[in-house]
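So you can see what is in the structure, the chains are spelled out below.
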Amino acid sequence: MSDLGFDAPLFIKQIHETTVNTVNTPFFYNQNGVPTYVSELPPGITPLIPATTQPALAVGKEYVVADVLNVKPTLPYGIETQLGFAAQEVEFEPLWATKDIAAAFGITLVEPGQAVMLSSPVVELQQIEYEYGVFAGHWSPYQGTGNTLLSVVCTDLEHHNFPHVFASTDPTQPLVISVGRYWPKLGKIRLADLWVPRGSALYIPPKPASETLECIDLHNNRNSARACWGDIRQNSIVTHTLLQNNDGFFYWYWNAIATRHSRPVAIG
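Values in this document were obtained by computation on a predicted structure and should not be read as measured data.

1. So, the overall build of the protein
Of the regular secondary structure elements, the protein holds one helix and 18 strands. For the protein, whose C-alpha radius of gyration is 18 Å, the value lies close to the compact-globule estimate of 18 Å for 268 residues. Burial statistics for the protein: of 268 residues in total, 52% are counted as buried. About 13,300 Å² of surface is accessible on the protein, with carbon and sulfur atoms providing 53% of the total. Of the charged side chains in the protein, 15 are positive and 24 negative; the average position of the first set lies 6 Å away from that of the second.

In structure tokens:
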């Protein structure tokens, strides 16, 4: 009997990239679900006031961070921090991304017809149209497993000093963004999956590192296609992301315990 193998699963594919000048076009405008960047907003459109980090807000599954196991500089790309959780399994609470839920992680929900003014220390950013496969989160850059497709997903979150826009632009499925809020001095972290309705977007302002921060807001988008689980016909989604594609400096926070992800109970 000959050996048989599955088709290679899609990880991440870049479809199209455009440059966004944050000085010439400082507004992100959600034009009926199409992410656009403009110098002036259409008449009658008032930009949203971006959500600020309020440490007292606590949403998502809470876990004790018993220890910081390792801090590893990976210059020039960033710094990895391995957190030790006092848990056997970790669940990211599935939540539809509402204005209040997003704000609990320092994120602004931008619905169709709404806009927000970008804050960016970097003049030129990139908007990239991606296709994310449903297995994209089943990869670890921390544990020496290379490009192996893993049977588990670890906690893998980041922050950085440039803004993000995660736009839910797939024609059939919502976008899923994993988020966390970490209180280093209290030794606790809250974790969730934000399910972004089709046509909406999340704006994450720059999140620079500072020892004075009471809490740290974190995110990751490799689980973008999580909504495809259980769909035998669709195993990837299309999404648009605003980011600094080159020379960004990242702060990664990770933990090796297997994570659990599920669907929200309510319909968004």
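2. Some remarks on unusual backbone geometry
Note that the residue after L75, namely P76, is joined by a cis bond; omega there is 5°. Looking at the secondary structure, you find P76 in the loop between β4 (61–74) and β5 (78–85). Positioned with a positive phi, N32 is a non-glycine residue whose angle comes to about 55°. Here N32 shows up in the loop between β2 (27–31) and β3 (34–38). At D247, a position not held by glycine, the phi torsion is positive, near 65°.

3. Section: the pattern of salt bridges
For the structure on display, the rule yields eight salt bridges. One salt bridge connects E91 with R260, and the closest N-O pair in it is separated by 3.4 Å. Taken together, the residues span a long stretch of sequence, with E91 in strand β6 (residues 90–96) and R260 in strand β18 (residues 259–261) at a distance of 169 residues. Across the pair D156 and R222 runs a salt bridge, and its minimum N-O distance is 2.3 Å. Highlighted residues: D156 in strand β10 (residues 155–160) and R222 in the loop between β15 (216–220) and β16 (236–243), separated in sequence by 66 residues. R222 shares its class with D156; the two are buried. Connected through salt bridges with shared partners, the residues K61, E89, E91 and R260 form a single ionic network.

4. Comments concerning the side chain of S236
Among the structural elements, S236 can be located in strand β16. Of note is the side chain of S236, whose polar atom sits 2.5 Å from the side chain of E131. Not counting the four nearest positions on each side in its chain, S236 is found in contact with L10, E131, Y132, G133, D170, A225 and C228.

5. With respect to the pairing of strand β14 (residues 201–204)
Here is the key point about a regular strand: its side chains alternate between the two faces of the sheet. In β14, alternate side chains face the same way, and those of A201 and Y203 on one face and L202 and I204 on the other are all buried. As paired elements, strand β7 (residues 108–110) and β14 share three bridges and run antiparallel to each other. In the sheet register, V110 faces β14, and the bridge partner there is A201. Taken together, the four bridges between strand β11 (residues 164–167) and β14 define a ladder with antiparallel strand orientation. For H164, the partnering residue across the bridge sits in β14 and is I204.

6. A closer look at a nonpolar patch on the surface
Nonpolar side chains collect at one region of the surface, where F135, L149 and W229 lie side by side and expose about 270 Å² of accessible area between them. By the element assignment, F135 lies in the loop between β9 (124–133) and β10. Relative accessible area serves as the criterion here: at 32%, F135 is assigned to the partly exposed category.

7. Describing the pairing of β9
Among the 10 residues that make up β9, eight are buried, leaving the element largely enclosed by the rest of the structure. Pairing analysis gives nine bridges linking strand β1 (residues 12–21) to β9, with the strands arranged antiparallel. Residue Q14 lies in a different strand from β9, and its bridge partner there is Y130. Taken together, the eight bridges between β9 and β16 define a ladder with antiparallel strand orientation. Across the sheet, residue Y132 finds its bridge partner in β16, namely I237.

8. Examining the side chain of H164
Its location among the elements puts H164 in strand β11. Polar contacts involving the side chain of H164 include one to the side chain of H160, which spans 3.2 Å. Side-chain polar atoms of H164 contact the side chain of H219, separated by 3.5 Å. Not counting chain neighbours up to four residues away, the residues in contact with H164 comprise E158, L202, Y203, I204, H219, T241, L242 and L243.

Cut-offs applied
- Each chain carries its own residue numbering, running from 1 in the written order of its sequence.
- Per-residue local features are limited, in this predicted model, to residues with pLDDT of at least 70; the limit for side-chain atom pairs, both in listing and counting, is 80 or more; totals at the level of whole chains, interfaces and linings are taken over all residues.
- Water and hydrogen atoms play no part in the side-chain values, which are based on all heavy atoms of the structure.
- The way it works is that DSSP assigns letters per residue, a run of H or I at least four long becomes a helix, a run of E at least two long becomes a strand, and they are numbered from the N terminus.
- Throughout, the radius of gyration refers to the C-alpha atoms, and the reference size of a globule is 2.2 Å times the residue count to the power 0.38.
- Three exposure classes are used, based on accessible area relative to the maximum for each residue type with a 1.4 Å probe and protein chains only: buried under 20%, partly exposed in between, and exposed over 50%.
- Under the convention used here, a 1.4 Å probe and the Shrake-Rupley method define accessible areas, while residue burial counts only the protein chains that appear.
- We count Lys and Arg on the positive side and Asp and Glu on the negative side, and we leave His and both chain ends out.
- Charge positions come from single atoms, namely NZ of Lys, CZ of Arg, CG of Asp or CD of Glu.
- By salt bridge we mean one thing: a side-chain nitrogen of Lys or Arg within 4 Å of a carboxyl oxygen of Asp or Glu.
- The term polar contact refers here to a pair of N or O atoms within 3.5 Å; inside protein, the definition further demands a hydrogen-donor-capable atom paired with an acceptor-capable atom, and it admits residues adjacent in sequence only when both atoms are side-chain atoms.
- Whether two residues touch is decided by their heavy atoms; if any such pair falls within 4.5 Å, the residues are in contact.
- We treat two strands as partners when DSSP finds at least two bridges between them.
- Patch construction takes residues with relative accessible area above 30% that form no salt bridge. Like charges are linked within 9 Å, and nonpolar side chains (Val, Leu, Ile, Met, Phe, Trp, Tyr) are linked within 5 Å.

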